[in-house]
Amino acid sequence: MVSTESTGLITIGVLARASGLTASALRFYDDCGLLVPARVDPLTGYRYYTEAQRERAVLIRQLRSIDLPLDTIAEILAGDTDRARYLLDRHVAELARRADEAARVAAVVEQSLGTQVAIDAATLAEALDQVRTAVARTREIPVLAGVLLEAGANAVTLTATDRYRLCTRTVVATRQHGGEWSVVLDSNGLESITDRLRGMDEVVAAPSGGGLLLTGGGAEHRPAVIDAPFPDHRAVLAGLGPVRTRVVVARHLMLRVLEKSDEALQFAIDPTEISVSVPGDVQSLPAKVTGSAVTLSFDPATLLPAVHTALGPDLMLDIIAADQPVVLRSATDGDLTTLAMPVRSLHHNVSV
């Protein structure tokens, strides 16, 4: 057995403790030629190292701690300083890239585990455009300048009201995770959001820090929100009286009449048609009417947006009374519902 005191060599155990490497790791580095012992006893197989190899062993441990491959470590230890710096810089840059990618993937996975709902992006854009026509034009009551987004029951419901109109549409979700939640989106900036949505296939909506996070198309968007309770629109809908008259009329005919006047229009509804009194004229619109004859008036500024954004070629109007909200929806597609308040005159509105 060789005396380490007389030769200046150290045993593998001493080197292991001094370098922070295990004896098995030192044997492995010997086998692959990265740290070959200064001497191996031919009888016992003991490995002996020099003091200089202690520094090399420490350097190997440090480089392995940042996941450098063995062949790259060998190049770094070969003695070319410029080459060693280049290899280290390249590896650190790759670690940073992988860390960024890992953070992105982790965020996506965390989001998928949290409360969220996925929707067809183009459909959501269409629904937002339809509903936001009913937001208030002033900020006298700030929350009325917003669109309520509610997620739950594998669907997203959007609602807006300015007290004279109430518009709501439900969009079926492609998937949902978590419970029910809601947020009020500020109407300012919604147009730019809908423009972005049209360029996506699917968007994932999730509550985030009291706001809303929209993810899709490789990007994230955080629309502005209004931190205030939205009016109980379901109570309004539930409190409507029984329908006395139901009218089905071609939407384009209603649009044609409404677009020609800025003054209140009177609609006299009988079993076969609607007589619309416009300034200096009376126009007849063919219609299918069920129930009682009724006469009521509308401000075009209230009714036109509701008719313009309605779904389908035919419009259905459910009338309760001349001084009660009229429910407008597509005759074939009930996803979008709008309440429009008739007027007694241009200056006498009754709030929904």
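A brief look at the structure comes next. (Residues numbered from 1 in each chain as written. Predicted model: local features only at pLDDT ≥ 70, side-chain atom pairs only at ≥ 80, totals over all residues. Heavy atoms only, no water.)

### What to know about the sheet that holds strand S4 (residues 116-120)
(1) Moving on: The antiparallel open sheet is built from 5 strands, whose spatial order is S8-S4-S10-S11-S12. The open sheet has two free edges, formed respectively by strand S8 (175-177) and strand S12 (219-221), since each of these has just one partner strand. Ignoring which end each strand starts from, the neighbouring axes of this sheet average 20° apart.
(2) Moving on: Two elements, strand S10 (residues 202-208) and strand S11 (residues 211-216), share 5 bridges in a ladder whose sense is antiparallel. Directly across from Val204, in S11, lies its bridge partner Thr215.
(3) Moving on: Running at roughly 90° to S4, helix H7 (residues 121-131) makes contact with S4 and S10 of the sheet. (Pairing = 2+ DSSP bridges. Helix = DSSP H or I, 4+ residues; strand = E, 2+ residues; numbered from the N terminus. Axes fitted to C-alpha atoms, helices over the stretch in contact; angles between N-to-C directions. Contact = heavy atoms within 4.5 Å.)

### Examining the side chain of Asp186
(1) Moving on: As for its position among the elements, Asp186 is in strand S9 (residues 181-186).
(2) Moving on: Given the relative accessible area of 13%, Asp186 is considered buried.
(3) Moving on: Here Arg139 takes part through its side chain, which lies 2.6 Å from a polar atom of the side chain of Asp186.
(4) Moving on: Polar contacts involving the side chain of Asp186 include one to the main-chain amide nitrogen of Asn188, which spans 2.9 Å.
(5) Moving on: Ignoring sequence-local partners within four residues, the contact set of Asp186 consists of Arg139, Ala145, Gly146, Ala224, Val225 and Ile226. (Buried < 20%, exposed > 50% of the residue type's maximum accessible area, 1.4 Å probe, protein only. Polar contact = N/O pair within 3.5 Å; in protein donor to acceptor, adjacent residues only side chain to side chain.)

### Description of the pairing of strand S5 (residues 146-152)
(1) Moving on: For S5, the tally of buried residues reaches 7 of 7 residues, placing the bulk of the element in the interior.
(2) Moving on: Burial of S5 is two-sided: the residues Gly146, Leu148, Glu150 and Gly152 facing one way and the residues Val147, Leu149 and Ala151 facing the other way are all buried.
(3) Moving on: Strand direction decides the pairing type here: S5 and S9, joined by 6 bridges, are antiparallel. Within S9, the residue paired with Gly146 across the bridge is Asp186.
(4) Moving on: Examined bridge by bridge, S5 and strand S6 (residues 155-161) share 5 bridges and lie antiparallel to one another. Opposite Gly152, over in S6, you have Ala155 as the bridge partner.

### Considering the sheet that holds strand S1 (residues 10-11)
(1) Moving on: Judged by pairing direction, the sheet is antiparallel, and its 3 strands sit side by side in the order S1-S3-S2 without closing on themselves. Edge positions in the sheet fall to S1 and strand S2 (39-40), since each of these pairs with one other strand and no more.
(2) Moving on: Sheet analysis places S1 next to strand S3 (residues 47-49), joined by 2 bridges and oriented antiparallel. Its bridge partner being in S3, Ile10 is matched across the sheet by Tyr49.

### Considering the nonpolar core
(1) Moving on: The biggest cluster of nonpolar side chains holds 32 residues, and the ones touching the most others in it are Leu158 and Leu197.
(2) Moving on: Considering each element in turn, this core owes the most residues, 6 residues, to H7.
(3) Moving on: Setting aside its immediate chain neighbours within four residues, Leu197 contacts Ala121, Ala122, Leu124, Ala125, Leu128 and Val203.
(4) Moving on: Membership of the second largest hydrophobic core comes to 29 residues, among which are Val249, Met254, Val307 and Ala340. (Core = buried A, V, L, I, M, F, W, Y, C linked by side-chain atoms within 4.5 Å.)

### Some remarks on the packing of aromatic side chains
How two aromatic rings sit relative to each other is set out by the distance from centre to centre and by the angle between their planes.
(1) Moving on: Applying the stated criterion across every chain, the model contains 2 aromatic pairs.
(2) Moving on: Between Phe28 and Tyr29, the ring centres sit 5.7 Å apart and the planes meet at 55°, which makes this aromatic pair tilted.
(3) Moving on: The class for Phe28 is partly exposed, based on a relative accessible area of 42%. (Phe/Tyr/Trp six-rings, centres within 6.5 Å; stacked < 30°, edge-to-face > 60°.)

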